[in-house]
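Chain by chain, the residues run as shown.
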Amino acid sequence: GWCPLSPAGAQTTQLLVEPPWMPAVLWDRVTLTCQGSGNAGATTWYKDGRRWGQEGRDNFLVTERGIYTCDRPGNGLSPPVRVLNDRLVLQVPAWPLLEGDMVTLRCRC
């Protein structure tokens, strides 16, 4: 399912990643979804800190590596999501983890 990268209930823009593993990798066919109150058609996307051409869409399939954020009016900028194109990556679940939590790590190539 979809996993927010900030605590549930926060009144900020959230950037959701599917599949829910971080760092995300292009060869997983990553979809990013921008969530927040207000009109989804007013979403502004940023890639590597620059305004990017997915204006007005609330989700899309990532085709380029980079660092992505989104903005929904009134909610501010989302936390960043890094999408890699590395051949070997160690991944953790894309939800908040606390000290002492059991966690599954994935080593992927």
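Rules and cut-offs
Residues numbered from 1 in each chain as written. Predicted model: local features only at pLDDT ≥ 70, side-chain atom pairs only at ≥ 80, totals over all residues. Heavy atoms only, no water. Helix = DSSP H or I, 4+ residues; strand = E, 2+ residues; numbered from the N terminus. Buried < 20%, exposed > 50% of the residue type's maximum accessible area, 1.4 Å probe, protein only. Contact = heavy atoms within 4.5 Å. Pairing = 2+ DSSP bridges. Axes fitted to C-alpha atoms, helices over the stretch in contact; angles between N-to-C directions. pLDDT = per-residue confidence, 0-100. Disulfide = S-S within 2.5 Å.

For the protein chain, an unreviewed UniProt entry supplies the name FCGR2 protein and the organism Sinosuthora webbiana.

**Let's talk about unusual backbone geometry**
Across the junction of Glu-18 and Pro-19, the peptide omega takes the value 0°, indicating a cis bond. Considering the arrangement of structural elements, one finds Pro-19 in the loop between strand 1 (14-18) and strand 2 (21-22). A cis amide bond links Met-22 with the next residue in sequence, Pro-23, at an omega value of -5°. As for its position among the elements, Pro-23 is in the loop between strand 2 and strand 3 (24-25). Positive phi is not limited to glycine here, since Arg-29 has a value of about 55°. Topologically, Arg-29 is positioned in the loop between strand 3 and strand 4 (31-35). Although it is not a glycine, Asp-48 adopts a positive phi angle of roughly 55°. The topology assignment puts Asp-48 in the loop between strand 5 (44-47) and strand 6 (50-52).

**As for the environment of Cys-109**
Note on placement: Cys-109 falls in the segment after strand 12 (106-108). Exposure remark for Cys-109: the relative accessible area of 79% places this residue in the exposed category. With 22 residues separating them in the primary sequence, Cys-109 and Arg-87 have C-alpha atoms 5.3 Å apart. In this structure, Cys-109 is in contact with Trp-27, Arg-87 and Leu-88, ignoring residues within four places of it in sequence.

**Remarks on the sheet that holds strand 1**
Strand order in the open sheet formed by 3 strands is 1-4-7, with antiparallel pairing between adjacent strands. Looking along the sheet, the strands with just one partner apiece sit at the ends: strand 1 and strand 7 (59-61). Geometrically, the sheet is characterised by an average inter-axis angle of 15° between neighbouring strands, direction not taken into account.

**Structural notes on the confidence of the model for the protein chain**
Summary statistics for the protein chain give a mean pLDDT of 85 and a share of 87% for residues scoring 70 or more. Contacts from residues 1-9, a stretch scored under 50 in pLDDT, to residues over four places away or in other chains number 28 contacts.

**Quick word on the state of the cysteines**
Inspection of the entire model under this criterion finds 1 disulfide. Residue Cys-34 pairs covalently with Cys-70 via a disulfide, S to S 2.0 Å. Its torsion about the S-S bond being 90°, the disulfide of Cys-34 and Cys-70 is classed as right-handed. With Cys-34 in strand 4 and Cys-70 in strand 8 (residues 66-72), this residue pair connects regions lying 36 residues apart in the sequence. Cys-70 matches Cys-34 in its accessibility class, with the two residues each being buried. For Cys-107, which is in no disulfide, the shortest distance to another cysteine sulfur is to Cys-109 and amounts to 6.8 Å. Taking relative accessible area as the criterion, Cys-107 reaches 62% and is therefore assigned exposed.

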